[in-house]
Amino acid sequence: MSVILNKKSKEIKHLFFFRAIALNFGAKNVNIKSKENNMSNRMERANSQIQKCLIEIIKNKMNDPRVNKIVSITEVSVTPDFKFCKAKVSVLDIENASEVVKVLQKSEGFIKRELAQMLDMPQVPKINFVVDKSTLSAIRVEEILRSLNIPKEESEENDDNK
């Protein structure tokens, strides 16, 4: 899957979420390309590699029961000097999102060691885990839309009967 979008568009956050889910469930080639030239190809590759490795570490190597297997890394942003990295975490259990982020932050040393073994980088960046608010707001909007009782239009009902 290859999608070309302007990085500032709002759909890109949703695409990152679906890309992360696809990577979580074993997809091999899910690429999202941006038109902006602010981020070099090297940084894009680093972001992608770190995201894949973080997903694998959380899914396969962490034994903490507070971090369930439905945790996903939706976006990774590395600074240009590769010293710091912000990883956005999406959790389906909204109530425990902040607890999961705290557990991940406390496990940063273990995660960095595992990243160092998996990545071919001179230094592994310091990782700052944050809750992905775009995913939380999308879930909230979906809940609100489901709670509305909007009757079907007659044309839709007629189409269903045909």
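Residues numbered from 1 in each chain as written. Predicted model: local features only at pLDDT ≥ 70, side-chain atom pairs only at ≥ 80, totals over all residues. Heavy atoms only, no water.

Undergrad: Would you mind going over the nonpolar core with me for this structure?
TA: Taken as a class, soluble globular proteins show a tendency for nonpolar side chains to be buried jointly. Formed by 30 residues in total, the largest nonpolar core has its most connected members in Leu54, Ile73, Leu104, Ile111, Leu115 and Phe129. Considering each element in turn, this core owes the most residues, eight residues, to helix 2 (residues 41-61). (Core = buried A, V, L, I, M, F, W, Y, C linked by side-chain atoms within 4.5 Å. Buried < 20%, exposed > 50% of the residue type's maximum accessible area, 1.4 Å probe, protein only. Helix = DSSP H or I, 4+ residues; strand = E, 2+ residues; numbered from the N terminus.)

Undergrad: What is the right way to look at the pairing of strand 4 (residues 84-91) in this model?
TA: Along any regular strand the residues' side chains alternate between the sheet's two faces. Burial within strand 4 is extensive, with six of its eight residues counted as buried. Across seven bridges, strand 3 (residues 71-78) lies against strand 4 in antiparallel orientation. When the bridges of strand 4 are listed, isoleucine 73 appears paired with valine 89. Between strand 3 and strand 4, which pair antiparallel one after the other, the connecting turn spans five residues, and phenylalanine 82 there sits at a positive phi close to 60 degrees. As judged from the six bridges shared by strand 4 and strand 5 (residues 126-131), these two strands associate in the parallel manner. What sits directly across from alanine 87, in strand 5, is phenylalanine 129. (Pairing = 2+ DSSP bridges.)

Undergrad: Sorry if this is basic, but what is going on with the sheet that holds strand 4 here?
TA: Each strand in a sheet pairs with another by means of backbone hydrogen bonds, the pair being arranged parallel or else antiparallel. Spatially, three strands are ordered 3-4-5 in an open sheet, and the strand pairing comes out mixed. Edge positions in the sheet fall to strand 3 and strand 5, since each has one partner strand and no second. Averaged over all pairs of adjacent strands, the angle between their axes in this sheet comes to 25 degrees, without regard to strand direction. Against the sheet, helix 2 engages strand 3, strand 4 and strand 5, with an angle of about 155 degrees to strand 3. (Axes fitted to C-alpha atoms, helices over the stretch in contact; angles between N-to-C directions. Contact = heavy atoms within 4.5 Å.)

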